[in-house]
Every structure is written in C-alpha cells, then in structure tokens.
Amino acid sequence: TVGLREQALGPEDIMVARGLVILGFAQRSCGDYAEARATCERCIAILEKVKGPDHPEVAIQLSNLGIVLRYQGDLLEGERVLRRALAIQEKALGPESPAVASTLQNLSNIQSGQGKFAEALDLAERVLAIRLKVLGEDDAETAGAWNNVAVLQSWRGDYAAAGATFERAMHV
C-alpha cells in the first residue's frame, strides 16, 4: 500500500510516512533489519520535512530506528538516535510522558548492551518512576519496569536488592 499511496499522494506525503511506519514494523518483526532501517530512515526524512525535525512523531520513529540499530548491533548509533528522540519527547511532551518512558527503556537496553549497567539501571529506575506515577502500581507495564530494574540490579551484583525488586514485581 505504500506504493499506491506514493502514486496517489506523492513520495513525501504524511500518509506515505504512516504506511512506512507499518512496513518498517513488519520488516523488524520478520528480522529484516537492513530493510527496516532503510524504511525507518525514509519515514523520518518525510516526517522531518512535513512536521519539522522536533515533532513528537519524528521522535517516535527515531525511537523505532534506535530499536532496529540495537538489533543490528550498532549500539553507538542507536544510542545517538535514542538520545535525540528523548530530547524531542522531553521538550514536547514533558519528562514524565509514557513516550519518554518507552524511549528511556530502549536507551537502557542499549546501555546494558554496551556493559554500562550503572547508567542502564539509572534509566530503568526513571522508567519505573514514570510508570508508577502515570500507570500506578497495579499495571502490567509497571510490573515490567520493576522486573527490568531487578535484572539490572542482579547484573550489577546487588542480589539482595534484585531479590526484593523481583518480589515486588511478582505482586503486581
């Protein structure tokens, strides 16, 4: 359908970009990371032109690109892209937005992949604080955030804290 949208609306129409979002997600889900990367980059270029470089929709697609880059093993570029997405989201949506929490989690994953467990834990704890405030204690995403903190605590060797945090996650 992206091709049909391009023919009908032109290659830089917002509806083409939205079709590329779906295509990129499908490519990523199928493990075709090179194609997903190219699709994400094309989508971002269209969104930047149509919406502006600091629009929240651009940030969402930057975050998606960051995930693809992580899967490709390009952690440094993934970190750069995710930090840009985070800056846009924090400015446009505020520091406690659910979108900010998602990008922080993606950035935490990148940091742990680089062996930067202290920074990864700091980011995961920010995610947890946002999830608790926005979603409450009894939400599945909050439980996932508790679990992520516990995993990072254990990777840092703080087994007592990890055990208590895992216990907390299980009671959600």
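The structure displayed is predicted, hence computed values, not measured ones.

> Tell me about the packing of helix H8 (residues 140-155) against helix H9 (residues 159-170), residues and numbers included.
It is the contact of H8 with H9, at a shortest axis distance of 8 Å, that shows an interaxial angle of 165°. With respect to each other, H8 and H9 are oriented roughly antiparallel. Crossing hand, H8 versus H9: left-handed. Here Ala143, Trp146, Asn147, Val149, Ala150, Val151, Gln153 and Ser154 of H8 come into contact with H9, specifically with Tyr159, Ala161, Ala162, Thr165, Phe166, Arg168 and Ala169. Residues of the contact of H8 with H9, tallied by class, amount to 10 nonpolar, 4 polar and 1 charged.

> Describe the confidence of the model for the protein, naming the residues involved and giving the relevant values.
Averaged over every residue, the pLDDT of the protein is 94; the share at 70 or more is 100%. Model confidence for the protein, summarised as mean pLDDT per element, is weakest for helix H1 (residues 2-9) at 77 and strongest for helix H5 (residues 75-93) at 98.

> Help me get a handle on the packing of aromatic side chains, residues and values and all.
Following the criterion strictly, the structure yields 2 aromatic pairs and no others. When the centroid spacing of 5.2 Å and the interplanar angle of 45° are considered together, the rings of Tyr33 and Tyr71 count as tilted. Placement of Tyr33 in helix H3 (residues 33-51) and of Tyr71 in helix H4 (residues 56-72) is noted, with a sequence separation of 38 residues between them. With relative accessibility at 27%, the residue Tyr33 sits in the partly exposed group.

> I'd like a description of the side chain of Gln61, backed by residues and values.
Considering the arrangement of structural elements, one finds Gln61 in helix H4. On the basis of relative accessible area, Gln61 is assigned to the buried category, the value being 7%. A polar contact is formed between the side chain of Gln61 and the side chain of Asn64, at a distance of 3.0 Å. Here Gln61 is in contact with Val21, Cys43, Ile44 and Leu47, once residues within four sequence places are set aside.

> Give a detailed account of the state of the cysteines, specifying residues and quantitative values.
Throughout the structure, instances matching the rule amount to 0 disulfides. Lacking any disulfide linkage, Cys30 is separated from the closest cysteine sulfur, that of Cys40, by 14 Å. Looking at Cys30, the relative accessible area reads 70%, which means it is exposed. Cysteine Cys40 shares no disulfide, and the gap to the nearest cysteine sulfur, in Cys43, comes to 7.0 Å.

Basis of the calculations
Residues numbered from 1 in each chain as written. Predicted model: local features only at pLDDT ≥ 70, side-chain atom pairs only at ≥ 80, totals over all residues. Heavy atoms only, no water. Axes fitted to C-alpha atoms, helices over the stretch in contact; angles between N-to-C directions. Helix = DSSP H or I, 4+ residues; strand = E, 2+ residues; numbered from the N terminus. Parallel < 35°, antiparallel > 145°, perpendicular 65-115°, else oblique. Left-handed = near helix turned anticlockwise from the far one by under 90°. Contact = heavy atoms within 4.5 Å. Nonpolar A, V, L, I, M, F, W, Y, C, P; charged D, E, K, R; others polar. pLDDT = per-residue confidence, 0-100. Phe/Tyr/Trp six-rings, centres within 6.5 Å; stacked < 30°, edge-to-face > 60°. Buried < 20%, exposed > 50% of the residue type's maximum accessible area, 1.4 Å probe, protein only. Polar contact = N/O pair within 3.5 Å; in protein donor to acceptor, adjacent residues only side chain to side chain. Disulfide = S-S within 2.5 Å.

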